[in-house]
Amino acid sequence: MAFNHLPAGVHDALAPLSVKPVTHSVPMAKNHRPDHPQPDPASRPSPETVLHRLASGPSRSARITHTEHLPPRAGRHAVWPDRIRAEVIAAVQARGIEHPWAHQAIAAEHALDGDSVVVATGTASGKSLAYLMPVLSALLDGSEAPNGRGATALYLSPTKALAADQCRAVRELAAPLGNAVRPAVYDGDTPFEEREWVRQYANYVLTNPDMLHRGILPSHPRWSSFLKSLKYVVIDECHTYRGVFGSHVAQVLRRLRRLCARYGASPVFLLASATAAEPSVAARRLTGLPVVEVADDASPRGELVFALWEPPLTELHGEKGAPVRRTATAETADLLTDLTVQGVRSVAFVRSRRGAELISVIAQERLAEVDRSLVRRVAAYRGGYLPEERRALERALHSGELLGLAATTALELGVDISGLDAVVIAGYPGTRASLWQQAGRAGRSGQGALAVLVARDDPLDTYLVHHPEALFDRPVESTVLDPDNPYVLAPHLCAAAAEIPLTEADLELFGPVSADVLTQLEAAKLLRRRTRAWHWTRRERAADLTDIRGTGGPPVQIVEEGTGRLLGTVDAEAAHSAVHEGAVHLHQGRTYLVRSLDLKDSVALVERADPPYSTAARDTTSIAVLETDTEIPWGSGRLCLGSVEVTNQVVSFLRRRLITGEVMGETKLDLPPRTLRTRAVWWTVTEDQLDEARINPEILGGALHAAEHASIGMLPLFATCDRWDIGGVSVPLHPDTLLPTVFVYDGHPGGAGFAERAFHTARSWLTATREAIAACECEAGCPSCVQSPKCGNGNEPLHKRGAVRLLTTLLRGAPEEAGPRADGADARAAGEGEAI
């Protein structure tokens, strides 16, 4: 099996533009941003050689379940658009880029025509140059304006690291243009003494949606000269604006458009995205504007070898005596160690902050046994570090001082880490789009690259490494967001009213449900109507009503008890499970124990320690049906979609031995419950179906519970979500349905769209769930099929065979897929729990 390009979404035919093909050849890496010295690809081992070395030995070779070879691809050039300023072209050519790729020229032409455009091409395809050509030309034109500051541009990125990286690149690229281009970062790390200069003099401001929401828009009078001259808004890595976060960002952008209109500006939006399905649809929902799609990637690409890697079974036994595989964390640490010893520049992507820290610590310990000089060449990178720590790590990675890095998705997005030879992905990242984005971090200099997906011991990862077609034969997912979620919309209507009083004419901008939400806000006395406009009535800042990242409150500060030193922060939503009393916290390779968690003051006190274990919180969940919106018969059972209230409580934590994951004990916790009103999909079965499936009362709870666990694990294959974005509850007799019921719910107020996706793809989703359980070789259920790492009931009871029979019977009555998929949004679940 081979591909000529990375999996792509829908590639619509583009209208012919004034782009002429260039027939002469240009070296493959010439249109790569030359911020750093480009290593000679010929001096590096091939990705096949690197993989062969990693897999050497009889036990290692058996761990590779599939290898995919994506051949190199030649690039297609075009001439420079004739409306791009000659000085800009000269500056770009001075950086080693003789001609643009065809997709760059097409995107620039659309921008120059005043069309909002999304460039949805693969990693290292030069999306930055596609939007910088028109932006720099506009800024250069504006610098020659007789009065005023001339044109301005705003750049939005989802992370501070990406904004800092882009600012550095723009400064270098625009250096020949003199003072005409004045880029500056404006985010939470910007010193206060610099912020006034940025407001008054910068004409290319790089920030993030959080700062736009809390800092710029509420202070728009101080930004008035910038906003009235705003020509372009660049939205980088726009595919990350999905789910609840994306829905919030969509409303922030509508507030921005409203203020720009009041100041007489109508900026063009330029969006850059990794290859995604239907990018123009997602971009339109994000911005509220028509957006032209440019998705035909004309850039070259080196060979990519992609290996699927399954850790071996160990001699250990987990809960209920289930067989246990070696952890993806330990396996990834070994691979990162081996790659570093080979001198292969690598990044290991890890799903959690703690996992990134743990992998770097293990790799450093093992490198010390080989060559102590290599220890300092491996580090961890994650969110929650202090700004100076992040900048130092980025510089070390850019310079090549670091050979290996264990990173969270903070480095997945756009930050130029050219020169990498290999990427190790510790566990499926939740979507195919993220998988390809992470894999694309290697090989950005045009050389061949290796990507390795290391499976975790859970149903989805196990399914994928044995069903490679689910990764390589399917397009990436559509970006899912729902700006009309009333829980999202309400605080932004308040913020908009505080910025400038809302009028009826504004409601069209904010969406069809805004009138109803406005009425509710007026009834709640948050807004008051005076004559023809609604006004914010409170003394506090309206922008503080919501955290657009959906973290549920101010971040919890992690403070060293003995010294008072601030180590970092953790999101409020994650605090119950991440920094509860007794939790192990890793920071910069050092281990700390949490001594106390003060939820009122948002402070966790920690002390230095070296316990031989990690910790994992456990929770319990109950659920009540508030309203059933839709239900369809599945045989004599029912498939339903509606609103629910979920009550969740972290009740204990497990101590697991490092490396092996062996459970050493469980400690109870006393933390308050949290409630959530959200959306859920649920299915019921009748007595007749239970008789047909040979499910008696003794095994009913275990069969439902096992089916619930596995279905949660498999849903990310069908919805743009992560396993931790959703939760589940299974009940042999639920008081609201009066039948055996399995619920799967979205983990954010108002819903995230995942329940809708599950409802409309239920036949495919539950068929894959049944197959994953049935195909597992274990006897009675294990983490690869039906056990959950966060089960509030300690994975008790579970009945694997009963789950297979139950799903088989249920699916016999399933109709065809229930209509078109609904749009929705993302979330961070408070936790995944079960009620039995």
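Just above sits the structure.
This is a predicted model, so every value here is computed, not measured.

**A look at the pairing of strand 9 (residues 268-273)**
Argument step 1. The buried fraction of strand 9 is high, at 6 of 6 residues.
Argument step 2. On strand 9, burial covers both faces: V268, L270 and A272 on one face and F269, L271 and S273 on the other are all buried.
Argument step 3. Here 4 bridges tie strand 4 (residues 117-120) to strand 9, and the two strands are oriented parallel to one another. The residue of strand 9 that forms the bridge with V119 is A272.
Argument step 4. For the crossover that starts at strand 8 (residues 230-235), traverses helix 10 (residues 243-262) and ends in the parallel strand 9, the hand is right-handed.

**With respect to the packing of helix 18 (residues 486-499) against helix 20 (residues 514-523)**
Argument step 1. Helix 20 packs onto helix 18 with a crossing angle of 65° between their chain directions and a minimal axis gap of 10 Å. When the interaxial angle is binned, helix 18 and helix 20 end up roughly perpendicular. As for the relative orientation of helix 18 and helix 20, their crossing is right-handed in sense. Residues P486, L489, A490, L493 and C494 of helix 18 form the contact with helix 20, whose own contacting residues are S514, V517, L518 and L521.
Argument step 2. Looking at the contact of helix 18 with helix 20, its residues break down into 8 nonpolar, 1 polar and no charged.

**What about the sheet that holds strand 21 (residues 533-536)?**
Argument step 1. The 3 strands are arranged 19-21-20 in an open sheet whose pairing can be described as antiparallel. This sheet does not close on itself; its edge strands, each paired only once, are strand 19 (502-503) and strand 20 (527-530).
Argument step 2. For strand 20 and strand 21, the ladder comprises 4 bridges, and the chain directions are antiparallel. Within the sheet, the bridge partner assigned to L527 lies in strand 21 and is W536.
Argument step 3. Across the sheet, helix 18 is in contact with strand 19, strand 20 and strand 21; its angle to strand 21 comes to roughly 95°.
Argument step 4. Helix 20 rests against strand 19, strand 20 and strand 21 of the sheet, and its axis sits at about 100° to strand 20.

**Comments concerning the environment of V579**
Argument step 1. Position of V579 relative to the elements: it lies in the loop between helix 21 (572-578) and strand 24 (584-587).
Argument step 2. Residue V579 is classed as buried on the basis of its relative accessible area, which comes to 1%.
Argument step 3. For the pair V579 and V556, spaced 23 residues apart in sequence, the C-alpha to C-alpha distance is 8.8 Å.
Argument step 4. In contact with V579, other than residues within four places in its own chain, are V556, I558, V570, A574, V594, L597 and A604.

**Points about the nonpolar core**
Argument step 1. Within the largest apolar cluster, 90 residues are counted, with the highest numbers of intra-cluster contacts made by F306, W634, W683, L715 and W765.
Argument step 2. No other element matches the 9 residues that helix 23 (residues 697-714) contributes to this core.
Argument step 3. Not counting the four nearest positions on each side in its chain, W683 is found in contact with R638, L639, L704, A707, P740, T741, V742, L766, L806, L807 and L810.

**Observations concerning the side chain of T462**
Argument step 1. Secondary-structure assignment places T462 in helix 16 (residues 459-466).
Argument step 2. In this structure T462 touches E310, R456 and S784, once residues within four positions along its chain are discounted.

**Section: the environment of R595**
Argument step 1. With respect to the helices, strands and loops of the structure, R595 is situated in strand 25 (residues 590-598).
Argument step 2. Excluding anything up to four places from it in sequence, R595 contacts E561, E581, L605, V606 and E607.
Argument step 3. A distance of 2.2 Å separates polar atoms of two side chains, one belonging to R595 and the other to E607.

**Quick look at helix 13 (residues 353-370)**
Argument step 1. The terminal C-alpha atoms of helix 13, which comprises 18 residues, lie 26 Å apart, in line with the 26 Å expected from a rise of 1.5 Å per residue.
Argument step 2. Close packing links the buried residues of helix 13 with helix 12 (328-341), strand 14 (346-350), strand 15 (378-381), strand 16 (404-407), strand 17 (422-426) and strand 24.

Reading guide: rules and limits
- Residues numbered from 1 in each chain as written.
- Predicted model: local features only at pLDDT ≥ 70, side-chain atom pairs only at ≥ 80, totals over all residues.
- Heavy atoms only, no water.
- Buried < 20%, exposed > 50% of the residue type's maximum accessible area, 1.4 Å probe, protein only.
- Helix = DSSP H or I, 4+ residues; strand = E, 2+ residues; numbered from the N terminus.
- Pairing = 2+ DSSP bridges.
- Right-handed = clockwise from strand over helix to strand, strands pointing away.
- Axes fitted to C-alpha atoms, helices over the stretch in contact; angles between N-to-C directions.
- Parallel < 35°, antiparallel > 145°, perpendicular 65-115°, else oblique.
- Left-handed = near helix turned anticlockwise from the far one by under 90°.
- Contact = heavy atoms within 4.5 Å.
- Nonpolar A, V, L, I, M, F, W, Y, C, P; charged D, E, K, R; others polar.
- Core = buried A, V, L, I, M, F, W, Y, C linked by side-chain atoms within 4.5 Å.
- Polar contact = N/O pair within 3.5 Å; in protein donor to acceptor, adjacent residues only side chain to side chain.
- Expected span 1.5 Å × (residues − 1).

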